[in-house]
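Each chain is listed here by its residues.
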Amino acid sequence: MSAEAKKLELIMWISVLKDKSVLESLLVLKEKTMQYQKTGRQAGWAKHMIKYVAPDFDETPEGFEDYLMPKVILK
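About the cut-offs
Residues numbered from 1 in each chain as written. Predicted model: local features only at pLDDT ≥ 70, side-chain atom pairs only at ≥ 80, totals over all residues. Heavy atoms only, no water. Salt bridge = Lys/Arg side-chain N within 4 Å of Asp/Glu carboxyl O. Helix = DSSP H or I, 4+ residues; strand = E, 2+ residues; numbered from the N terminus. Buried < 20%, exposed > 50% of the residue type's maximum accessible area, 1.4 Å probe, protein only. Phe/Tyr/Trp six-rings, centres within 6.5 Å; stacked < 30°, edge-to-face > 60°.

**With respect to the pattern of salt bridges**
In a structure, side chains of opposite charge can pair up when their charged atoms sit close to one another.
Stage number 1. Taken as a whole, this structure holds two salt bridges when the rule is applied.
Stage number 2. Notably, a salt bridge pairs Glu4 with Lys7, separated by 3.5 Å at the nearest N-O pair. Of the two residues, Glu4 and Lys7 are both situated in helix 1 (residues 3-16); the distance of three residues between them amounts to about one turn of the helix.
Stage number 3. Where Glu31 meets Lys30, a salt bridge forms, and the shortest distance between an N and an O atom there is 3.5 Å.
Stage number 4. The class for Lys30 is partly exposed, based on a relative accessible area of 45%.

**Comments concerning the packing of aromatic side chains**
Stage number 1. Counted by the stated rule, this structure contains one aromatic pair.
Stage number 2. With a centroid separation of 5.9 Å and 50° between ring planes, the pair formed by Phe64 and Tyr67 is classed as tilted.

As far as function goes, none of this settles anything; it's purely spatial.
Here it is in structure tokens:
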């Protein structure tokens, strides 16, 4: 489905929408989108989103050893 077809589908859906709380949520989303377009990326927007990091996060996954750069041994 093209972007234009998706837009048209959303317009048609919104035009028959009767739930006021959903309409309010859509307006909030629109405002946030417009604000983002004006300001661009904001530093720290993902703060507190990562809740857990595995203890072996920095370890090389099994089977990926061949893709690593070889360690240089200086003599």
